[in-house]
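Coordinate inspection notes
Next come the chains, spelled out residue by residue.
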Amino acid sequence: MMKKIWILILAFAVFGPLAAAPAETEKEKPEKKTDLPYKNLSIFMESLELLREKYVDPGKISYENLLRAAMRGMLQELDPFSTYEEPDRFRSTVEDTRGKFPGIGVVVTSKNNALEIVSVMEGSPAMKAGLQAGDIVMEIDGKDARPLSLTECVRRMKGPPGTVLKLKIYRPEGDQTREITVTRAEIAVSSVKAPSLIADRIAYLRISQFSATTAADVEKALKKLKKDGAEGLIIDLRNNPGGLLNSAVETISRFIPADKLVVSVEGRAEKTVRHNSVDCWKDPDLPLAVLVNENSASAAEILAACLQDYKRAVLVGSRTFGKGSVQVIIPLSDGGALRITTAKYYTPSRRLIHGNGVRPDIEVNTSPAQSAAIARHLVTRGEQPPLLQSGKYRDPQLARAIEILKGINIFRKAEKN
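Just so we're clear, the structure is a prediction, and the values are computed from it rather than from any experiment. (Residues numbered from 1 in each chain as written. Predicted model: local features only at pLDDT ≥ 70, side-chain atom pairs only at ≥ 80, totals over all residues. Heavy atoms only, no water.)

Our focus in this paragraph is the pairing of strand β10 (residues 192-199). In the case of a regular strand, side chains alternate between the two sheet surfaces. Of the strand pairs in this sheet, β10 and strand β11 (residues 202-207) are connected by five bridges, and their pairing is antiparallel. Residue pairing for β11: Lys 193 is matched across the bridge by Arg 206. (Pairing = 2+ DSSP bridges. Helix = DSSP H or I, 4+ residues; strand = E, 2+ residues; numbered from the N terminus.)

The grouping of Tyr 38, Leu 41, Phe 44, Met 45, Tyr 63 and Leu 67 at the surface amounts to a nonpolar patch, some 610 Å² of accessible area in total. Looking at the nonpolar patch, the elements that each hand over two or more residues are α2 (37-54) and α3 (63-76). With four residues, the top contributor of residues to the nonpolar patch is α2. With a relative accessible area of 70%, Tyr 38 lands in the exposed category. (Patch = residues over 30% accessible without salt bridge, like charges linked within 9 Å, V, L, I, M, F, W, Y side chains within 5 Å. Areas by Shrake-Rupley, 256 points an atom, 1.4 Å probe, with all protein chains shown as cover. Salt bridge = Lys/Arg side-chain N within 4 Å of Asp/Glu carboxyl O. Buried < 20%, exposed > 50% of the residue type's maximum accessible area, 1.4 Å probe, protein only.)

Moving on to the environment of Val 182. Residue position: Val 182 is located in strand β8 (residues 176-183). A residue is classified by how much of its surface remains accessible, and Val 182, at 1% relative accessible area, is buried. Leaving out residues up to four positions away in the same chain, Val 182 has contacts with Ile 104, Pro 125, Ala 126, Ala 129, Leu 131, Thr 163, Val 164 and Leu 165. (Contact = heavy atoms within 4.5 Å.)

The next subject is α3. Spanning 14 residues, α3 covers 20 Å between terminal C-alpha atoms, matching the ideal 20 Å at 1.5 Å per step. Residues of α3 that are buried: Leu 66, Arg 68 and Leu 75. (Expected span 1.5 Å × (residues − 1).)

Turning our eyes to something else, we now look at the environment of Ile 353. Of note, Ile 353 is situated in the loop between β18 (337-346) and β19 (362-363). Considering only alpha carbons, one finds Ile 353 and Ala 305, 48 residues apart in sequence, at a separation of 8.4 Å. Those residues in contact with Ile 353 that lie beyond four places of it in its chain are Glu 301, Ile 302, Ala 305, Gly 322, Lys 323, Gly 324, Tyr 345, Thr 347 and Val 358.

This part covers the nonpolar core. Residues Leu 233, Leu 237, Val 290 and Leu 307 are the most contacted members of the largest nonpolar core, which totals 41 residues. Per-element tally for this core: the top contributor is helix α9 (residues 299-309), with eight residues. When neighbours within four sequence positions are excluded, Leu 237 is seen to be in contact with Ile 207, Phe 210, Val 290, Leu 291, Val 292, Ser 296, Ala 300, Leu 303 and Ala 304. Grouped together as the second largest cluster of nonpolar side chains are 20 residues, Ile 117, Val 120, Cys 153 and Met 157 included. (Core = buried A, V, L, I, M, F, W, Y, C linked by side-chain atoms within 4.5 Å.)

Let us look at the environment of Ile 136. Relative to the assigned elements, Ile 136 resides in strand β5 (residues 136-140). Judged by relative accessible area, Ile 136 falls into the buried class, the value being 18%. Here the alpha-carbon distance between Ile 136 and Thr 109, two residues 27 residues apart in the chain, equals 9.9 Å. Among residues more than four places away in sequence, those in contact with Ile 136 are Ala 114, Leu 115, Glu 116, Lys 168, Ile 169 and Tyr 170.

Summed over the entire model, instances satisfying the criterion amount to zero aromatic pairs. Its end group placed over the ring of Tyr 63, Arg 52 keeps NZ or CZ at 3.8 Å from the ring centre. The ring of Phe 81 has Lys 323 lying over it, and the distance from NZ or CZ to the ring centre is 4.9 Å. (Phe/Tyr/Trp six-rings, centres within 6.5 Å; stacked < 30°, edge-to-face > 60°. Lys NZ or Arg CZ within 6 Å of the ring centre and 35° of its normal.)

Encoded structure:
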C-alpha cells in the first residue's frame with residue numbers, strides 16, 4: 001500500500017494533477033516520448049557494471065576512469081571543440097589565460113579525424129625541431145594520436161619547460177613519415193609580425209593570432225607604416241587559428257566607423273549578443289587586402305568576413321577553415337570542467353561561418369606543397385618582410401594582393417585628376 005502511495009505522489013509531482021488534464025483527441029495526442037533519461041541511464045549503468053565484471057584488465061575499470069572516458073566520448077561525439085577537461089587539463093587552461101604558455105609552440109586542430117599542425121610559432125622549440133604547418137601528428141610519446149580527442153592531444157603535448165616530447169609525424173609534402181624530438185619551453189607569443197613596406201608603397205603585416213595586445217600592436221605598426229609612405233595595406237591572416245574575440249573586434253575597429261556590427265553570437269539558450277566596433281583611432285580609407293587560406297580560423301574568419309561584408313577589404317586566397325562556434329568552460333565539482341559549444345558566429349550580413357568558412361573575393365588556390373612552403377617561409381622569415389619569389393619558392397597569393405592594391409591606388413589617383 002505504501003509503495004502505491006509513493007508512486008501516486010511521484011506521478012503527481014512529475015505530471016501535475018492527472019484529473020485536471022484536458023481530454024485529447026487522437027490528433028492532439030503528443031508523439032510517444034522516446035528520449036527518456038532514466039531508461040537510457042539504466043542501460044549505461046548496466047554496461048558499466050558489465051565492463052567492471054568482465055573486462056580483462058581490472059586496472060582500467062575504476063568508476064572514475066570509466067565515467068571520465070564516457071564523458072570525453074559523449075562530448076567528442078557532438079563536435080571537435082566540445083570536451084571534458086580533467087582537473088590537470090583545466091588547471092592548465094586557467095594558467096593559459098594568465099599568460100603562461102608552457103609547451104612546444106604549435107597550434108593544432110582536429111581535421112579529417114587527424115591531428116594537424118595549423119601553425120608553428122616563430123622561434124619556438126617546434127620551429128627549431130623542424131615541425132611545419134600541415135604536418136599530421138600520428139604518435140605522441142609513442143601513443144597513437146588518432147583515437148585521442150583534440151584536448152587530450154594538447155594535454156599530452158604540453159608539459160613543464162625542459163621536458164622532452166617525442167612526436168611521430170606524417171608530412172604530406174613529400175609523403176614522408178618521421179620522428180621528431182622537441183624540448184618544451186615557455187612560449188612568448190607576439191602576434192603582429194613583419195610590418196614593412198614591400199612594394200610601391202604597399203605595406204604588409206601578418207597577424208599570427210589574436211591576443212590581448214594585437215589591436216594596439218596593429219595600430220602602432222600602421223601609424224609607422226603610414227608615416228613611411230604606405231598607401232595600401234596587406235593583412236596576412238594565413239594559418240591564423242584565431243584567439244580572443246574582443247581582440248578581433250578591436251582590431252577591426254581600426255578600419256571601420258564606431259558602433260558598426262562586427263559579429264553577432266547566437267545560441268540556443270542565450271539571447272543574441274552583438275559585438276560592435278569601438279571608438280578608437282581609425283584609418284577608414286586606407287585600401288586593404290586580406291590574405292586567407294584553409295587554416296585561417298575563428299577570430300581570423302570574423303575579421304575577414306566583417307571587412308568583406310562592409311566592402312572595406314578585398315579578400316585574397318582560398319576558403320577559410322570554417323570554425324565559427326563559441327565554447328564556454330563550466331567548472332565541475334571534481335576540479336575538471338566541461339567545454340561546451342553554446343553558440344555560433346554570424347557576420348554583419350547574417351552569414352554563418354561555422355562549417356562554411358569564408359570565400360575570398362579573389363580565389364588564388366595553392367597546392368598542398370605550395371601551402372606548406374608558404375607557411376614555412378613565413379615562419380622562418382620571422383620579422384623580415386616576406387618574399388614574393390626566391391628560387392623555386394613563389395607566393396602567388398601575396399603577389400595577387402599587391403597587384404590589386406596597386407590597381408586601386410592607380411584608380412584613386414586617376415579619379416583625383
